[in-house]
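A closer look at the structure
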Amino acid sequence: MAKDSKLILDPLADNNPITIQVLGICSALAITAQLKASIVMTISVLFVMGIGNVVMSLIRNIIPSKIRIIVQLTVVAALVIIVDQVLKAFSYQLSKELGAFIGLIITNCIIMGRFEAFALGNGPWRSFLDGIGNALGYGVILIIVGFFRELLGSGTLLGYQILGDPIAKTGLYSLGYENNGFMLLAPMALIVVGIIIWVQRANNPALIEEN
Amino acid sequence: MEKRTDKNIYTIAFAIGMVVVVGSLLAFVASSLKPKITENKRIEKQQNILYAMGIHENTESSVAFVADDKVGEEFSKYITSQFVVNGSSVSEDTEAYLIDVKKEQAKIKNGGQRRLPLFVGEKDSETFYIVPIRGKGLWDAVWAYIAMDQDMVILGAYFDHKGETAGLGANIKERFFMDDFIGEHLLDSSGNFVGVDISKSNNDPLNSDKIDNQVDAIAGATITGDGVAAMIRNDLKLYVPYFKNLKN
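These figures come from a predicted structure and were not determined experimentally.

This part is about the overall build of chain A. Along its length, chain A carries eight helices and two strands. What you see in chain A, going N to C, is helices and strands ordered as α-α-α-α-α-α-α-β-β-α. When the backbone C-alpha atoms are referred to their principal axes, chain A occupies close to 65 × 50 × 30 Å. Each of the 211 residues in chain A was classed as buried or not, and the buried ones make up 35%. Of all intrachain contacts in chain A linking residues separated by at least 6 positions in sequence, the fraction that spans at least 24 positions is 75%.

In this section: the environment of Ala-217 of chain B. All names here are of chain B. Topologically, Ala-217 is positioned in the loop between strand S8 (214–216) and helix H5 (222–237). C-alpha of Ala-217 to C-alpha of Pro-205: the two residues are twelve residues apart in sequence and 8.6 Å apart in space. Discounting residues that sit within four places of it in the chain, Ala-217 has contacts with Ile-198, Ser-199, Lys-200, Thr-222 and Gly-225.

Moving on: the sheet that holds strand S5 (residues 141–148) of chain B. All names here are of chain B. Spatial ordering of the open sheet is given by S2-S1-S3-S4-S5-S6, a layout of six strands whose pairing is antiparallel. Pairing within the sheet leaves two strands with one partner each, and these edge strands are strand S2 (89–92) and strand S6 (154–161). Between one strand axis and the next, the sheet turns by 25° as a mean value, whatever way the strands run. Sheet analysis places S5 next to S6, joined by seven bridges and oriented antiparallel. Across the sheet, the residue bridging to Ile-146 is Ala-157, located in S6.

With that out of the way, let us pick up the interface of chain A and chain B. Counting from both sides, the interface comprises 29 residues of chain A and, opposite them, 27 residues of chain B. Broken down by element, the side of chain A that touches chain B gets its largest block of residues, nine residues, from helix H4 (residues 68–90) of chain A. Here the side of chain A that touches chain B is composed, by residue class, of 18 nonpolar, eight polar and three charged.

Moving on, we come to helix H6 (residues 109–117) of chain A. Residue and element names in this part refer to chain A. Burial in H6 covers these residues: Ile-110, Ile-111, Arg-114 and Phe-115. Projected onto a plane normal to the axis of H6, the buried residues spread over an arc of 135° and lie on a single side. Buried residues along H6 sit against helix H3 (35–58), H4 and helix H7 (124–154).

All names here are of chain B. Counting residues in hydrophobic clusters, the biggest one holds 90 residues, and the most contacted among them are Ala-52, Ile-130, Ala-144, Ile-146, Ala-147 and Ala-157. Sort the elements by how many residues they give to this core and S5 lands first, with seven residues. Once you skip the residues sitting within four places of it in the chain, Ala-157 turns out to touch Ala-52, Ala-144, Ile-146, Met-178 and Phe-181.

Residue and element names in this part refer to chain B. Relative to the helices and strands, Phe-119 is located in strand S3 (residues 116–123). The class of Phe-119 is buried, set by 25 C-beta atoms lying within 10 Å. When the C-alpha positions of Phe-119 and Tyr-97 are compared, they lie 7.6 Å apart, and in sequence the two are 22 residues distant. Setting aside residues up to four positions removed in sequence, Phe-119 forms contacts with Ile-49, Ile-79, Gln-82, Ala-96, Tyr-97 and Ile-130.

Closest axis-to-axis distance for the H4 of chain A/helix H1 (residues 8–52) of chain B pair is 8 Å, and the angle between their directions is 15°. Considered as vectors, H4 of chain A and H1 of chain B are oriented roughly parallel to each other. Both H4 of chain A and H1 of chain B take part in a crossing whose hand is left-handed. Contacts from Val-71, Thr-74, Ala-78, Ile-81, Ile-82, Gln-85, Val-86, Lys-88 and Ala-89 of chain A in H4 of chain A reach Met-18, Val-22, Leu-25, Leu-26, Val-29, Ala-30, Leu-33, Lys-36, Ile-37 and Asn-40 of chain B in H1 of chain B.

Residue and element names in this part refer to chain B. At a minimum axis separation of 10 Å, H1 and helix H2 (residues 71–78) run at an interaxial angle of 45°. In terms of axis orientation, H1 runs oblique to H2. Between H1 and H2 lies a crossing whose hand is left-handed. Along its contact with H1, which presents Ile-43, Gln-46, Gln-47 and Leu-50, the element H2 presents Val-71, Gly-72, Glu-74, Phe-75 and Tyr-78. Across the contact of H1 with H2, the residue classes tally to five nonpolar, three polar and one charged.

All names here are of chain B. Residue Asp-124 is not a glycine yet carries a positive backbone phi of 50°. If you trace the backbone, Asp-124 turns up in the loop between S3 and strand S4 (126–136). Exposure remark for Asp-124: the 5 C-beta atoms within 10 Å place this residue in the exposed category. Unlike most non-glycine residues, Ser-125 shows phi in positive territory, near 55°. Residue position: Ser-125 is located in the loop between S3 and S4. According to the C-beta neighbour criterion, Ser-125 is exposed, with 5 such atoms within 10 Å.

Another point: the confidence of the model for chain B. Per-residue confidence for chain B gives a mean pLDDT of 88, with 99% of residues at or over 70. Scoring of the predicted complex yields 0.73 for pTM and 0.71 for ipTM.

On to the pairing of S6 of chain B. Within S6 of chain B, seven of the eight residues are buried, which leaves the element mostly enclosed by the surrounding structure. Hairpin remark: S5 of chain B followed by S6 of chain B, antiparallel, with five residues in the connecting loop; positive phi at Met-152 of chain B, about 55°.

Quick notes on the rules
Residues numbered from 1 in each chain as written. Chains lettered and ligands numbered in written order. Predicted model: local features only at pLDDT ≥ 70, side-chain atom pairs only at ≥ 80, totals over all residues. Helix = DSSP H or I, 4+ residues; strand = E, 2+ residues; numbered from the N terminus. Buried ≥ 20, exposed ≤ 12 C-beta atoms within 10 Å, placed from the backbone. Contact = placed C-beta atoms within 7 Å. Pairing = 2+ DSSP bridges. Axes fitted to C-alpha atoms, helices over the stretch in contact; angles between N-to-C directions. Nonpolar A, V, L, I, M, F, W, Y, C, P; charged D, E, K, R; others polar. Arc of directions from axis to C-beta. Core = buried A, V, L, I, M, F, W, Y, C linked by C-beta atoms within 7 Å. Parallel < 35°, antiparallel > 145°, perpendicular 65-115°, else oblique. Left-handed = near helix turned anticlockwise from the far one by under 90°. pLDDT = per-residue confidence, 0-100.

What follows is the structure, given as structure tokens:
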């Protein structure tokens, strides 16, 4: 039992997919300019990884190893397309907001990485937990990065103006504060992720690799 | 001994089986959900057209459409006629709003004639001429519904996009950007069509100057902004003869 809970908890910190395994960096840079986009992406990945890991685990013994990457890709792509179609039919507005992420989910290397590293060698229940854990670990970083980028870049959180109105110069802006537009560009996401990695490793020297 | 799953024949059989299973599953899902998706797209178009002419449920800074279950009713109440402009002929067509602008644009490439939909709306005894336009942003398509009066002054605009960057180009569908277009002139002072430029240097962030043919750009979204300006220039220009006729 203790081992099972480790599957969920480890990826949140000490074996985080972004900061430790360095997977899923591309989407972490692309979509974290807003907190809302980060949250939506987290939920989507949670869903696809949870189910995808179970499917891969169930068919792990019958997959020919020569084409296993193609099989993995097909499973993710099929799942994502089904989710997309169902959303379009029953929650059209949400599906429009997700539109840009659909392609990013398919190419998200965390999903393929966990299929390859875990689901192919473990049972469905443990694979499910591993999928959920890694998706949450991914989500935590996304939300932290999204929080700082939206707050410092646009002065808003989830679209609400936190620091005042930049055009009418109220709140913090009346004191001469300006939004840092650079925060909205992808390079700053990399720097924020870098800072998170730095803080995490400074707190836990066991994570630092030896040369 | 070689494992059963390593044999070539097994690999090929597995691949074929997988393609058949996944293919039929996706085809089944897609065809069973299709009527519902088509209906949702129809509702969205009606909502967008009504939004452009100012019929929405916006609060202070949000974008809110007429509710899904009311939109059909409101649409037939406010949209008095729909036309298709085809070269020099203008014909009435009650289903003009279903015309796919993307497909019409493709017809030009094949040397065909493009049908231009146009919707006429009445609200508070004011007449709105609403047209759908489409262009390219940074990553993918951008499109809009522009409501104008007979002098081609913009009365309302709704922008949307397929995949512009969240927080940057995606902001074209935010109120602070769309509302800037209201009142903007598409013609210059001598009546020639110039469109509306998305400018980074107009020094008018509150957009109080409505006859400069410029609105303030979004920082960090230069290519999306240029795409929007090009879309307005190229697509709205096609309607200029219609508006010239209207006045004569």
